[in-house]
Amino acid sequence: MLVTRSALTFDHGRAIIARAEAQAVEIVLLNGDRLALDLPDDPRRAYAAAKSTVALVVAPPSKRRLQPIAPSADWRVDLAEGCPAHCSYCYLAGSLKGPPITRVYANLDEILDGLPAYVGQGSVTSRSRDRAHEGTTFEASCYTDPLALEPLTGSLSTAIGRFGDWDAPVQLRFTTKFADVGPLLGLDHRRRTRMRASINPTTFARFEGGTAPVAARLKALSDMARAGYPIGLTIAPIIAAAGWREAYEALLVDVAAALTGVADLDLTIELITHRFTPGSKAVLESWYPGSALDMGMDGRTTKRTKFGSEKLVYDTPTMRSLRAFFEERLAALLPSAWILYWT
Ligand code: SF4
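Reading guide: rules and limits
Residues numbered from 1 in each chain as written. Predicted model: local features only at pLDDT ≥ 70, side-chain atom pairs only at ≥ 80, totals over all residues. Heavy atoms only, no water. Pairing = 2+ DSSP bridges. Helix = DSSP H or I, 4+ residues; strand = E, 2+ residues; numbered from the N terminus. Near = heavy atom within 4 Å. Nonpolar A, V, L, I, M, F, W, Y, C, P; charged D, E, K, R; others polar. Expected span 1.5 Å × (residues − 1). Buried < 20%, exposed > 50% of the residue type's maximum accessible area, 1.4 Å probe, protein only. Arc of directions from axis to C-beta. Contact = heavy atoms within 4.5 Å.

Peer 1: Help me understand the sheet that holds strand β1 (residues 2-3), please; the structure alone is not making it clear to me.
Peer 2: Strand-to-strand pairing in sheets goes through backbone hydrogen bonds, with the strands running parallel or antiparallel. Across the sheet, five strands lie side by side as β2-β1-β3-β8-β6; this open sheet has mixed pairing. The open sheet terminates on both sides in strands that have one partner only, identified here as β2 (28-29) and β6 (80-81). Relative to strand β3 (residues 54-57), β1 runs parallel, the two being bridged by two bridges. Opposite V3, over in β3, you have L56 as the bridge partner.

Printed below as a string of structure tokens:
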């Protein structure tokens, strides 16, 4: 782990170093705050080296100014940036620039201290007729998988504890492809954190290198629900490959079985179909040249975003079939679940 000089001035930064030392992680103290990465010239080896590099840094004020993050939550709050896993459709390929190293933030208290100024200010849940009861929502999974980094940082546990202490209509949200929730189960969360499991059928697990098996994610979700947390499913990205109906049917049956008997189940569903941009496709094809993930134009259409860029989504007939399937099967298999959005 690379450690910048400024990171050492924060209690949380020093706590992360102590955790890293306890886990025998190699620590390199830098003379300043610049991350001078000595990556190999070969792009494949450079990717592998970057993915296995963690840097402990200080989030600058510009990163602590929150951005809206529709349709998930009012605001995006970053506890880190980057992820050590290797998903061949990873959305970070389109949103983060440069080598895919993971930056974890030492100034967590500063980040969390900035949140009260945003209460009641968002437009996704705060001012929504249907979702206002969720309060002001803060999404921690936009640029990272916070549970993947939890053994090293403890940042997610700290944030959950802070939301538990925060007697206000607020909610911390995170979604994950990891499963080590043991340290979260006993936290005094006061139901102000919603954990969602990001899942796909096991047949697509080959696209999700380095993540926890889907069965372990469902067990983690069940454990969190039984510890009183509101929970959710992020079914993403929904992939319309051959056999998708049977694969997703089996997945939903497994979810229903995992959640049987949970008291006060508060379950939301987010449905996100596979999409990519020309830019993210180019990055992903350079990172994962052998991937069987279909990013061709068959069954696709181009959609223009409100920011003027293009993304490739499934065409209308495919979208209709997928949506009808999920609405019908979720109503049958998980009747108490609440679909937050389809996209
Ligand atoms: Fe990207 Fe999520 Fe996979 Fe990490 S777990 S590589 S953030 S898709």
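Peer 1: What's the story with the site of the ligand in this structure? I'm lost.
Peer 2: Taken together, C83, A85, C87, C90, Y91, L92, D145 and K177 form the complete shell of residues around the ligand. Looking at side-chain class alone, the shell around the ligand contains six nonpolar, no polar and two charged residues.

Peer 1: What's the story with helix α12 (residues 316-333) in this structure? I'm lost.
Peer 2: An α-helical turn contains 3.6 residues, so any two residues separated by three or four positions project in the same direction. Helix length check: α12, at 18 residues, gives a terminal C-alpha distance of 25 Å against a target of 26 Å (1.5 Å per residue), a fit within 8%. Along α12, the residues that are buried comprise M319, L322, F325, F326, R329 and L330. One side of α12 holds all its buried residues, which, seen down the axis, span an arc of 135°. Exposed and facing more than 90 degrees away from the buried side of α12 are P317, R320 and A331. For α12, the elements touching its buried residues are β13 (231-238), α10 (244-258), β14 (267-273), β16 (310-314) and β17 (338-342).

Peer 1: Even after reading the chapter, I still don't get unusual backbone geometry, so can you show me in this structure?
Peer 2: It is generally the case that most residues other than glycine have a negative phi and that most peptide bonds are trans. Along the chain, A70 connects to P71 via a cis peptide bond; the corresponding omega equals 0°. Here A236 and P237 are connected by a cis peptide whose omega angle stands at -15°. With respect to the element layout, P237 can be found in strand β13. Even without glycine at this site, A24 takes up a positive phi of about 60°. Since its relative accessible area comes to 69%, A24 is described here as exposed. Its identity as a non-glycine residue notwithstanding, D264 has a phi of 55°, on the positive side. Counting through the fold element by element, D264 comes out in the loop between α10 and β14. The exposed category is assigned to D264, whose relative accessible area is 66%.

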